[in-house]
Amino acid sequence: MNVDEQVSSYYDLLLKRNAGEPEFHQAVAEVLDSLKVVLEKDPHYGDYGLIQRLCEPERQLIFRVPWVDDDGVVQINRGFRVQFNSALGPYKGGLRFHPSVDLGIIKFLGFEQVFKNSLTGLPIGGGKGGSDFDPKGKSDAEVMRFCQSFMTELHRYIGEYRDVPAGDIGVGGREIGYLFGQFRRLVNRHESGVLTGKGLSWGGSLVRTEATGYGLVYLTQEMLAAHGSSFDGAKVIVSGSGNVAIYAIEKAQELGATVIGFSDSSAWVETPDGVDVELLKEVKEVRRGRVSEYVDNAQGATLHTDGSIWDLACDVALPCATQNELGGEHARKLYENGCHFVAEGANMPSTAEAIEFFREKGVHFAPGKAANAGGVATSALEMQQNASRDSWSFDYTDERLRKIMSNVFTHSAEAAEEYGRPGDYVLGANIAGFKKVADAMLAQGVI
């Protein structure tokens, strides 16, 4: 059986065993395609069922989450935690609270997390979790009751040496606080290393809030430099206006770029003179408002409810909203308008068609498993601080983050070069992330 047939057989089996999970299928297909050149050069990675084991989570948890709303009505949501791979260390990955969450979404995110965490060079495995609960429009009391019910079940399966969740979409400082409080109550000890993204006064880390957005820009800066460019004077568009997008906008503008557009699920905003970051933080982080409120209070900003943010002419595009937001037509429009660099701040925001188009046209593209690794990297730095009962300065932590993201880019670029595809950062990130996990799995036996 040749390598193509071997990989096809892996994928066909995965489709049969994981029906109805298109996002998971998409994530695995991308990685398997990259691994063909690895299996041709190093066929031992096909031994001992390694690829099949890598694509099968070590543990999948699904549980009921009952809670009582402010009207006294019992509500039922579904909770998930997929502990995907612990060969490199305890499972590490965020919790997502959003109506779109299902098992397939969590498995796709957990699978990506394995390689992302490997790329950081830190001793953490991959996992992901969440619920179809929507915190939008809920009172603080409702969010608290939900989080307490969710943690009542989850606490049995997590711990600083077992599984360390963090935040993701819909899970910020408020939710982490409620989750940690319930965990502490249930286990009767202050195990600060069990969750990351905590408040600064009770075990959190400086830079954690900014980490994913800053890290995205740091890696993009490395990619720009590798091709003789920089953020200085560049026109940048950023989809989304959540945590990742806000701090990507902030850091890009600090480095001399002009961010000419951003968005949320309701509309997109054109900002030809740049973004007022403090106003955006006020609208999104304090008021929890929509981008229309930003436009109402900003000068020179235009609200658009039709078309797409990807219609704007730019030098750099940073998709930071959600999976599969940037499709083939969007990719073509970006290219036609002169965009030469794309880096993913969200998890798999570009479709397979868009990625292939970027590859064909020579658009430099950094996949999310590399470009948005800054969040989990700083979460791991928070774990280090918790373990040593220490607290690091902002500048020291930020420099650690910058160095980690530089290494992520370097390792991805070197792997692409080694396997004959220089500049293909998708292939490079997949291979560099895979080989570290695979070597650990082979060393530890068939488990």
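See the structure above.
Parameters and conventions
- Residues numbered from 1 in each chain as written.
- Predicted model: local features only at pLDDT ≥ 70, side-chain atom pairs only at ≥ 80, totals over all residues.
- Heavy atoms only, no water.
- Helix = DSSP H or I, 4+ residues; strand = E, 2+ residues; numbered from the N terminus.
- Expected span 1.5 Å × (residues − 1).
- Buried < 20%, exposed > 50% of the residue type's maximum accessible area, 1.4 Å probe, protein only.
- Contact = heavy atoms within 4.5 Å.
- Phe/Tyr/Trp six-rings, centres within 6.5 Å; stacked < 30°, edge-to-face > 60°.
- Lys NZ or Arg CZ within 6 Å of the ring centre and 35° of its normal.
- Pairing = 2+ DSSP bridges.
- Axes fitted to C-alpha atoms, helices over the stretch in contact; angles between N-to-C directions.
- Right-handed = clockwise from strand over helix to strand, strands pointing away.
- Polar contact = N/O pair within 3.5 Å; in protein donor to acceptor, adjacent residues only side chain to side chain.
- Salt bridge = Lys/Arg side-chain N within 4 Å of Asp/Glu carboxyl O.
- Core = buried A, V, L, I, M, F, W, Y, C linked by side-chain atoms within 4.5 Å.

Caption draft 1: Spatial organisation of helix α8 (residues 243-254). The end-to-end C-alpha distance of α8 is 17 Å, a good match for the 16 Å that 12 residues give at a rise of 1.5 Å each. For α8, a buried count of 9 out of 12 residues is recorded, marking the element as mostly surrounded by other parts of the structure. Looking only at α8, the buried set comprises V244, A245, I246, Y247, A248, I249, E250, K251 and A252. Looking at the buried residues of α8, the elements they touch are α7 (211-226), β6 (235-239), β7 (258-263), α9 (277-286) and β10 (316-319). Just past α8, the residue G256 takes up positive phi, approximately 105°.

Caption draft 2: Seen up close, the packing of aromatic side chains. Following the criterion strictly, the structure yields 21 aromatic pairs and no others. For the pair F133 and F146, a centre-to-centre distance of 3.9 Å together with 5° between the ring planes defines the contact as stacked. A residue pair is termed long-range when its members are at least 10 positions apart, and F133 in the loop between β4 (126-131) and α5 (140-154) and F146 in helix α5 qualify at 13 residues. Relative to F150, the ring of F146 has its centre 5.9 Å away and its plane inclined at 35°; by these criteria the two rings are tilted. Of the two residues, F146 and F150 both sit in helix α5, 4 residues apart, roughly one turn of that helix. Each member of the pair, F146 as well as F150, carries the same accessibility label: buried. Taken together, the aromatic side chains of F63, W67, F97, F133, F146 and F150 make up a single cluster linked through ring pairs. The residue whose ring lies beneath K251 is Y214, and the NZ or CZ to ring-centre distance is 4.4 Å. Positioned above the aromatic ring of F357 is the side chain of R332, whose terminal nitrogen or guanidinium carbon lies 5.6 Å from the ring centre.

Caption draft 3: Layout of the sheet that holds strand β5 (residues 163-167). The sheet built from 5 strands is open, its strands ordered β1-β2-β4-β3-β5 with mixed pairing. Edge positions in the sheet fall to β1 (59-68) and β5, since each of these pairs with one other strand and no more. The sheet shows a mean angle of 20° between the axes of neighbouring strands, direction not considered. The sheet contact formed by strand β3 (residues 91-97) and β5 spans 5 bridges and is parallel. Residue pairing across strands places Y91 opposite D163, the latter belonging to β5.

Caption draft 4: Examining the sheet that holds strand β9 (residues 302-304) more closely. Spatially, 7 strands are ordered β9-β8-β7-β6-β10-β11-β12 in an open sheet, and the strand pairing comes out mixed. Strands at the two margins of the open sheet, each flanked by one partner only, are β9 and β12 (364-366). Each adjacent strand pair in this sheet contributes to an overall mean axis angle of 20°, direction not counted. Pairing of strand β8 (residues 268-270) with β9 involves 3 bridges; the strand directions are antiparallel. Note that in β9 the partner of W268 across the bridge is H304.

Caption draft 5: The arrangement of the pairing of β6 in detail. The buried fraction of β6 amounts to 4 of the 5 residues, a majority that puts the element mostly inside the structure. You can see the chain leave β6, run along α8 and come back into β7, and the turn it takes is right-handed. Direction of pairing for β6 relative to β10: parallel, over a ladder of 4 bridges. Within the sheet, the bridge partner assigned to V236 lies in β10 and is V316.

Caption draft 6: Looking closely at the environment of I158. Counting through the fold element by element, I158 comes out in the loop between α5 and β5. Residue class for I158 comes out buried when judged on its relative accessible area of 5%. Measuring from C-alpha to C-alpha, the distance between I158 and L195 comes to 8.9 Å, with 37 residues separating the pair along the chain. Setting aside residues no more than four positions away along its own chain, I158 makes contact with M151, D163, P165, F183 and V194.

Caption draft 7: Here's a closer look at the environment of D306. If you trace the backbone, D306 turns up in the loop between β9 and β10. Between the alpha carbons of D306 and S266 there is a distance of 9.8 Å; along the sequence they are 40 residues apart.

Caption draft 8: Examining α9 more closely. Looking at α9, one finds that the buried residues are V277, L279, L280, K281, V283 and K284. Taken together, the buried residues of α9 touch α8, β7 and α10 (291-297). Two to three positions downstream of the cap, the backbone nitrogen of E278 sits 3.3 Å from a side-chain oxygen, assigning the N-cap of α9 to D276. Residue R288 follows α9 closely and has a positive phi angle near 55°.

Caption draft 9: The arrangement of the pattern of salt bridges in detail. Evaluation of the coordinates by the stated rule reveals 29 salt bridges. Here K281 and E250 are joined by a salt bridge, their closest N and O atoms 2.7 Å apart. Of this pair, K281 sits in helix α9 while E250 is found in helix α8, placing the two residues 31 residues apart along the sequence. Its relative accessible area of 14% is what places K281 among the buried residues.

Caption draft 10: Representation of the nonpolar core within the structure. Membership of the largest hydrophobic core comes to 103 residues, with the highest contact counts inside it found for F111, V236, Y294, L318 and F434. Counting residues per element, this core draws most heavily on helix α16 (residues 425-444), at 10 residues. Those residues in contact with Y294 that lie beyond four places of it in its chain are F262, V269, T271, G274, V275, D276, L279, L280, V283 and A301. In terms of nonpolar packing, the next biggest core, distinct from the first, is built from 21 residues, L95, C147, L179 and F183 among them.

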